Amino acid sequence: MGFRQPAGLRWTCHGCARCCSSGYALGPVDAETVAGLQQAQIGSRWAPAATGWLDTQHTPAGPRHYLQQREGRCVFLRDDDLCAIHALLGPDAKPGFCREFPYHFVEDARGTVAVVRPTCGGFHETFATGPDVGPQLDAVAALPRVVPIRRWEPESVLVLPGVAVGAESWLALEERLLPRLASDEGGPVNGVALLRTALVAITGAQAVPSNPAHYRRALEALLRTLDAVLGQVAARGGGEAHQQRFMAASHVRVRAALARLDDPPDLDPEATRYTNLLLRSFLLAKEFQAWGGLPSGLGTFLLGVEVARRSGGATLDALGPELAEWTAFRDNAMVTQLLRRAAPATRDLFLHASGTPGG
């Protein structure tokens, strides 16, 4: 099988265990894996699982199985952050979704796209020096799965406010735009500005001159909204302890970004290349569609980078973990719903992004 992937995509696992302790639902687990672990009597071989290791949810499509968590960590995650299933039974005994992470596949009319998820805590460490992911993709895509690979087939794609193109036209645009981004040496704000300018020229739409003051106002409005909502979440309490800690850490991150609203650090070259790769992955995997189109989708992407560089720093080692944490925060159902309602502000980030050094 051939895969389309961002140019230069590299990755290898560093065993950081973030994928096993991020608080995401751990599953669904395929029935074959469940049966294999039950047959191996995993509960008697791994003490933390003796009281239970599987949660089952009943859905219209049938039962869905998930690995249990203890304080936000997978029940099979050892104290040394390695997998007990892997150690006791070998890698093939692990659930398919575990073995697939951090790869993400999307099918469209031209084949299958493969990217690496930015929620991988070690992606930034190996994106430039790790092995080419290409040789791994066939085996990973063939792993057992409960949920099929997502099929991308919208009737149209909103590429600029009020301007939509058909799905096939977007795929043709994708082929033209991604190489331009791959050769861009500017930061993510510059990349989004480049994309917007190219789309205006290609579609013949009326250009909206970028305005740094509008960009700042939109960013401040989004940060203050998040700050207020996270303050309300903290006041209400509730949830498990690890969930409270995660939201508290996210609140600290948002407040740090607010404190540096007018003093963002310029990204260093490595961090610039990394965010460029994430931007190309975001486009190729069609993640913008979940936000209603390219303007709000790319605005949401920019918001994450703006938070990460203000709360973390300009170096790759500082920025990478912050982006992983931000992405997990953004994917929280409450936050996703909030950002969708804030589409006018995220759209303004897209409209007023401008090519600035280090941005």
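A short tour of the structure in this document, coming up.

So, how was this worked out
- Residues numbered from 1 in each chain as written.
- Predicted model: local features only at pLDDT ≥ 70, side-chain atom pairs only at ≥ 80, totals over all residues.
- Heavy atoms only, no water.
- Buried < 20%, exposed > 50% of the residue type's maximum accessible area, 1.4 Å probe, protein only.
- Helix = DSSP H or I, 4+ residues; strand = E, 2+ residues; numbered from the N terminus.
- Pairing = 2+ DSSP bridges.
- 1 Å grid on protein atoms, 1.4 Å probe; cavity = no way out; pocket = protein on both sides within 12 Å on 5 of 7 lines; lining within 4 Å.
- Points joined across faces, edges and corners; volume = space filled by probe spheres on them.
- Nonpolar A, V, L, I, M, F, W, Y, C, P; charged D, E, K, R; others polar.
- Contact = heavy atoms within 4.5 Å.
- Axes fitted to C-alpha atoms, helices over the stretch in contact; angles between N-to-C directions.
- Core = buried A, V, L, I, M, F, W, Y, C linked by side-chain atoms within 4.5 Å.

### Observations concerning the pairing of strand β7 (residues 111–116)
Put simply, side chains in a regular strand alternate between the two faces of the sheet.
Here comes step 1: Across the 6 residues that make up β7, a large majority, 5, are buried.
Here comes step 2: Sheet topology note: the strand β1 (residues 3–4)/β7 ladder contains 2 bridges and is parallel. Within the sheet, the bridge partner assigned to arginine 4 lies in β7 and is valine 113.
Here comes step 3: In terms of strand pairing, strand β6 (residues 103–108) meets β7 through 6 bridges, oriented antiparallel. Following the sheet pairing, valine 106 is matched in β7 by valine 113.

### Observations regarding empty space enclosed by the protein
Here comes step 1: Enumeration over the complete set of coordinates arrives at 1 cavity of 30 Å³ or more.
Here comes step 2: Its volume calculated, the largest cavity comes out at about 150 Å³.
Here comes step 3: Pro118, Phe282, Phe301, Thr327 and Arg330 are, among the 13 residues lining the largest cavity, the residues nearest its centre.
Here comes step 4: For the lining of the largest cavity, the elements supplying multiple residues, two or more each, are α11 (269–284), α12 (294–311) and α13 (316–330).
Here comes step 5: By residue class, the composition of the lining of the largest cavity is 7 nonpolar, 4 polar and 2 charged.

### Some words on the sheet that holds β6
Here comes step 1: Here we have 4 strands laid out as an open sheet, ordered β1-β7-β6-β8, and mixed in their pairing. Here the strands that pair on one side only, and so sit at the sheet edges, are β1 and β8 (150–151).
Here comes step 2: Strand contacts of helix α6 (residues 134–141): β1, β6 and β7, with the helix running at about 75° to β6, the strand carrying the most contacts.

### Brief notes about the nonpolar core
Here comes step 1: If you look at the biggest cluster of nonpolar residues, it comprises 88 residues, and the most contacted ones within it are Phe105, Phe123, Trp170, Leu223, Leu283, Leu298 and Leu303.
Here comes step 2: Broken down by element, the residue count for this core peaks at 9 residues, all from helix α9 (residues 212–236).
Here comes step 3: Other than its neighbours up to four places away in sequence, phenylalanine 105 contacts Phe3, Glu100, Thr112, Val113, Ala114, Leu137, Val140, Ala141, Arg145, Ile149 and Arg150.

### Comments concerning the side chain of threonine 272
Here comes step 1: Tracing the backbone through its elements, the reader meets threonine 272 in helix α11.
Here comes step 2: A residue is classified by how much of its surface remains accessible, and threonine 272, at 10% relative accessible area, is buried.
Here comes step 3: In this structure threonine 272 touches Glu185, Gly186, Gly187 and Leu267, once residues within four positions along its chain are discounted.

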